[in-house]
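Survey of secondary and tertiary structure
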Amino acid sequence: MARAINDRLALDLLLEHGPLSAPQLRDLTGLSRPTVADLVERLREAGLVEAGGESGEERRGPNARLYALVAGRAHVAGVDVRRRGVEVTVADLTGRTVGRAEGPSGPDLTADIARTVTEAAGGRPLHAVVLGAPGLVHPHTSDLRSCAGIAGWSDDLLPRLPERLAVDGVRPEVLLENETNLAAVAELRTGSAVGREDFVLFWLDEGVGGAVVLGGRVRRGVSGGAGEFGTLQVVGGDFCYAVNPRTAADLGDAVLAERIAAGAADVVRVLDPGLVVLGGHVGRAGGEALAARVADHLSRLTPVPTEVRATAVEDNAVLQGAVLTALDLTRDRVFSPAT
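My aim in this report is to walk through the structure given alongside it, one point at a time. Keep in mind it's a predicted model, so treat the numbers as computed, not measured.

The rules behind these values
- Residues numbered from 1 in each chain as written.
- Predicted model: local features only at pLDDT ≥ 70, side-chain atom pairs only at ≥ 80, totals over all residues.
- Heavy atoms only, no water.
- Helix = DSSP H or I, 4+ residues; strand = E, 2+ residues; numbered from the N terminus.
- Rg over C-alpha atoms; globule rule 2.2 N^0.38 Å.
- Buried < 20%, exposed > 50% of the residue type's maximum accessible area, 1.4 Å probe, protein only.
- Contact = heavy atoms within 4.5 Å.
- Lys, Arg positive; Asp, Glu negative; His and termini not counted.
- Charge placed at Lys NZ, Arg CZ, Asp CG, Glu CD.
- Pairing = 2+ DSSP bridges.
- Axes fitted to C-alpha atoms, helices over the stretch in contact; angles between N-to-C directions.
- Core = buried A, V, L, I, M, F, W, Y, C linked by side-chain atoms within 4.5 Å.
- Right-handed = clockwise from strand over helix to strand, strands pointing away.
- Arc of directions from axis to C-beta.

Looking only at helices and strands, the protein has 11 helices and 17 strands in total. Taken against the 2.2 N^0.38 rule, which gives 20 Å for 339 residues, the C-alpha radius of gyration of the protein at 22 Å falls within 12% of a compact globule. The principal-axis extent of the C-alpha atoms belonging to the protein is close to 70 × 45 × 35 Å. Looking at the protein residue by residue over its 339 residues, the buried ones come to 51%. Long-range pairs, those at least 24 residues apart, make up 63% of the contacts in the protein between residues at least 6 apart in sequence. Separation between the mean location of the 35 positive side-chain charges and that of the 45 negative ones in the protein comes to 3 Å.

Set out below in structure tokens:
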């Protein structure tokens, strides 16, 4: 158990800091010289760590050698499944993007996803593939309900994908998650909610919804419906209609901010998250100016102090969240101690 804990600690430090020398690992872990030497050797034998280069700050010799994660030890894919098509990002074990692809979606969605993922992977075996899709995803069964008009979705799509994506005998673990929950993971890890354990994300895109993060974890609810803010009632009708990109384009900034704040106020009164993040196309386009307007309106609607921020995730937040989730799954498996 002690070896397993020490090995995972060292691997996490290499992920965070990049290549490190043995003395640097000792300083960061507080472990003894023999213990660090043993764990480095174990990780090298397991194919997780490799030596390369030398540290200019250390004296020359064995201790000056830098050790780094073997980035190609595993690869993962994030998949954004939309009405307009399929978008895929493939990353190595360190999180570096090594492939991208986009493709259409049609009646044979399984084939469309498999083809686009295969193109992005470029022949690399994948250890985990995480799909993001609009709709209610059951947190225990991964059953998808209310799939928001995506053609070709079927109950046997997920079970069929591992075999379609197998390379050299490696069948990836395939996981389905609600798109907005994945966007919230991206905000928590790399975006506007970094350093915060509690927040709600309002997803203002072609589909309007939300995600709830409490205690640093996405909360899905019993059936996967937590964060479905689209049915909130505001001036202009259902929240999902009143603030979607088509409607928002015809509204002035003041009216749009007022509508968003009206929906957010109901959520804030119940959850008291301390932070609201505006994501999706509308949140990105409105930026901090829109966030400031929403915060001003929100302060008049509820006494609960709440900060409002625009998304800070660049590009596709759903894809980023999918890749991060796939990396978590894969690292937990690959980083298990060698036996």
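Still to come is the rest of the account.
What follows deals with the sheet that holds strand β12 (residues 208–214). Across the sheet, 5 strands lie side by side as β13-β12-β11-β16-β17; this open sheet has mixed pairing. Two strands close off the open sheet at either side, each with one partner strand: β13 (217–219) and β17 (307–310). This sheet shows a mean twist of 25° between the axes of neighbouring strands, independent of strand direction. Looking at chain direction, strand β11 (residues 199–204) and β12 are connected through 6 bridges and run antiparallel. Counted as the bridge partner of Trp203 is Gly209 from β12. Helix-sheet contacts for helix α9 (residues 253–271) involve β11, β12 and β16 (275–279), and the interaxial angle to β11 is about 155°. In the packing of helix α10 (residues 280–301) onto the sheet, the strands contacted are β11, β16 and β17, and the crossing angle to β17 comes to about 160°.

If you walk across this open sheet you meet the 5 strands as β6-β5-β4-β7-β10, and the pairing is mixed. Both edges of this open sheet fall to β6 (97–103) and β10 (173–178), since each of them pairs with a single strand only. Each strand axis lies, on average, 15° off the axis of its neighbour in the sheet, ignoring direction. Judged from the 6 bridges that link them, strand β5 (residues 85–92) and β6 form a sheet pairing that is antiparallel. Paired with Ala91 across the bridge in β6 is Thr97. Docked against the sheet, helix α5 (residues 157–164) engages β7 (128–133) and β10, running at close to 140° with respect to β10.

Take the side chain of Arg82 next. Position of Arg82 among the secondary structure elements: in strand β4 (residues 75–82). Excluding residues within four positions of it along the chain, Arg82 makes contact with Ser105, Ile150, Glu179, Asp205 and Glu206.

The biggest cluster of nonpolar side chains holds 28 residues, and the ones touching the most others in it are Phe202 and Leu278. For this core, the secondary-structure elements that each account for two or more residues are β11, β12, α7 (239–242), α9, β16 and α10. Here the element with the most residues in this core is α9; it accounts for 8 residues. Dropping the residues within four chain positions of it, Leu278 is found in contact with Leu201, Phe202, Ile260, Gly283, Leu290, Ala291, Val294, Val308, Arg309, Ala310 and Thr311.

Here we come to the pairing of β7. For a regular strand, side chains alternate in direction, first toward one face of the sheet and then toward the other. The buried fraction of β7 is high, at 6 of 6 residues. The alternating pattern of β7 places Ala128, Val130 and Gly132 and Val129, Leu131 and Ala133 on opposite faces, both of which are buried. Here β4 runs beside β7; their pairing, made up of 5 bridges, is parallel. Counterpart to Val76 in the pairing with β7 is Ala128. Alignment of β7 against β10, held across 6 bridges, turns out to be parallel. Residue pairing in the sheet places Val130 in a bridge with Leu175 of β10.

Moving on, we get to the pairing of β17. Across the two faces of β17 the burial differs, with Val308 and Ala310 buried and Glu307 and Arg309 not buried at all. Taken together, β16, α10 and β17 constitute a β-α-β crossover, and its handedness is right-handed.

On to α5, then. Leu157, Leu158, Leu161 and Pro162 are the residues of α5 that are buried. All buried residues of α5 lie within an arc of 135° about the axis, which places them on one face of the element. Turned more than 90 degrees away from the buried face of α5 sit Pro159 and Glu163, all of them exposed. Packing partners of the buried residues in α5 comprise α4 (109–121), β7 and β10.

From the geometry alone we can't say anything about function, so treat these as descriptive.
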